[in-house]
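# Commentary on secondary and tertiary structure
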Amino acid sequence: MFNPSRDQARQFFIESWRKHLAHEALSAMESIAAELIGQHPEYHALLGDAEAALRDFRPEDGQVNPFLHLSLHLAIHEQLSINQPPGIREAYDACLLHHQGDRHAALHDVLEALGETIWETQRNGTPLDALAYVERVRQRAGRHN
């Protein structure tokens, strides 16, 4: 899944959750997705609804796109596993320390920083600034003091 379409990405999460609930064999990536979904009970009913993949989630309507949220979590999981961009693991560990070991809260700090960095990239039409991204994560760790 290097460049899935919107529908393929959504179907991946729906199918990963379905297989998890049915106790079917999961690929390594599906296992990670199911674990992430498990941490978001607010999405469970939605992911059990095949029609959910067709809905639009509009921020201007105050909606969070659960598929985008989970996709960002999945990207961050991969980044942390290989420490790319360099320093992301250390910045995450600082967030984890400030959240007293709460992995999900620390991951949400990283997710917010990634979201801001992507938004800035799109707004400015520039490449993603990995150094700024890692610095945003570090700043989030420091704001909890």
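In this report, the structure presented in the accompanying data block is examined. Every value quoted in this text rests on a predicted model; they were computed, and no experiment measured them. Along each chain, residues carry numbers from 1 onward, in the same order as the chain's sequence is written. pLDDT decides what is reported in this predicted model: residues at 70 or higher carry local features, side-chain atom pairs at 80 or more are listed and counted, and totals for whole chains, interfaces and linings draw on all residues regardless. Only hydrogens and water are set aside when side-chain values are computed; all heavy atoms of the structure are taken into account.

## Considering the overall build of the protein chain
Tallying secondary structure elements over the protein chain gives seven helices and zero strands in all. Across the protein chain, helices and strands are ordered from the amino to the carboxyl terminus as α-α-α-α-α-α-α. Only C-alpha atoms enter the radius of gyration, while the globule expectation follows 2.2 Å times N to the 0.38, with N the number of residues. Rg of the C-alpha trace for the protein chain: 16 Å, near the compact-globule value of 15 Å for 145 residues, within the 12% margin. The principal-axis extent of the C-alpha atoms belonging to the protein chain is close to 40 × 35 × 30 Å. The buried label goes to any residue with under 20% of its type's maximum accessible area, the exposed label to any with over 50%, and the partly exposed label to all in between, with areas taken from a 1.4 Å probe on protein chains only. Across the 145 residues of the protein chain, 37% fall into the buried class. Counting contacts in the protein chain only where the partners sit at least 6 residues apart, residues at least 24 apart contribute 56% of the total. About 8500 Å² of surface is accessible on the protein chain, with carbon and sulfur atoms providing 55% of the total. Numbered from the N terminus, helices here are DSSP runs of H or I no shorter than four residues, and strands are runs of E no shorter than two. Residue contacts follow a heavy-atom distance rule, with two residues in contact if any of their heavy atoms lie within 4.5 Å. Using the Shrake-Rupley algorithm and a 1.4 Å probe, accessible areas are obtained, with residue cover drawn only from the displayed protein chains.

## A word on the pattern of salt bridges
Any Lys or Arg side-chain nitrogen located within 4 Å of an Asp or Glu carboxyl oxygen qualifies as a salt bridge. Tallying each qualifying case throughout the model produces 13 salt bridges. For the salt bridge of glutamate 90 with arginine 138, the shortest nitrogen-to-oxygen distance reads 4.0 Å. Of this pair, glutamate 90 sits in helix H5 (residues 88-98) while arginine 138 sits in helix H7 (residues 130-143), placing them 48 residues apart in sequence. Salt bridges here are not isolated pairs; linked through shared partners, they connect Glu112, Glu116, Glu120, Arg136 and Arg140.

## Considering the packing of helix H2 (residues 28-38) against helix H4 (residues 66-82)
Orientation is described by lines fitted to C-alpha atoms, with helices fitted over the stretch in contact, and by angles between N-to-C directions that extend from 0 to 180 degrees. Where H2 contacts H4, the axes come no closer than 10 Å and their chain directions differ by 125°. The angle between H2 and H4 places the two elements in the oblique class. Taken as a pair, H2 and H4 cross one another with a handedness that is right-handed. In contact with Met29, Ile32, Ala33, Leu36 and Ile37 of H2, H4 contributes Leu70, His73, Leu74 and His77. Throughout, the term roughly parallel applies to angles under 35 degrees, roughly antiparallel to angles over 145, roughly perpendicular to angles from 65 to 115, and oblique to all others. The sense of a crossing depends on the near helix, which, turned anticlockwise from the far helix by less than a right angle, makes the crossing left-handed and, turned clockwise, makes it right-handed.

## Re the packing of helix H1 (residues 6-21) against H4
Where H1 meets H4, the axes come as close as 10 Å, and the angle between the chain directions of the two elements is 80°. Relative to H4, the element H1 is oriented roughly perpendicular. On H4, the residues touching Arg10, Phe12, Phe13 and Ile14 of H1 are Phe67, Leu70, Ser71 and Leu74.

## Describing the packing of aromatic side chains
How two aromatic rings sit relative to each other is given by the distance of their centres and the angle of their planes. For Phe, Tyr and Trp, rings pair up if their centres lie within 6.5 Å, where Trp contributes its six-membered ring, and each pair is then called stacked (planes under 30 degrees apart), edge-to-face (over 60) or tilted (otherwise). Counted under the stated rule, the structure contains two aromatic pairs. With a centroid separation of 5.3 Å and 70° between ring planes, the pair formed by phenylalanine 12 and phenylalanine 13 is classed as edge-to-face. On the basis of relative accessible area, phenylalanine 13 is assigned to the buried category, the value being 2%.

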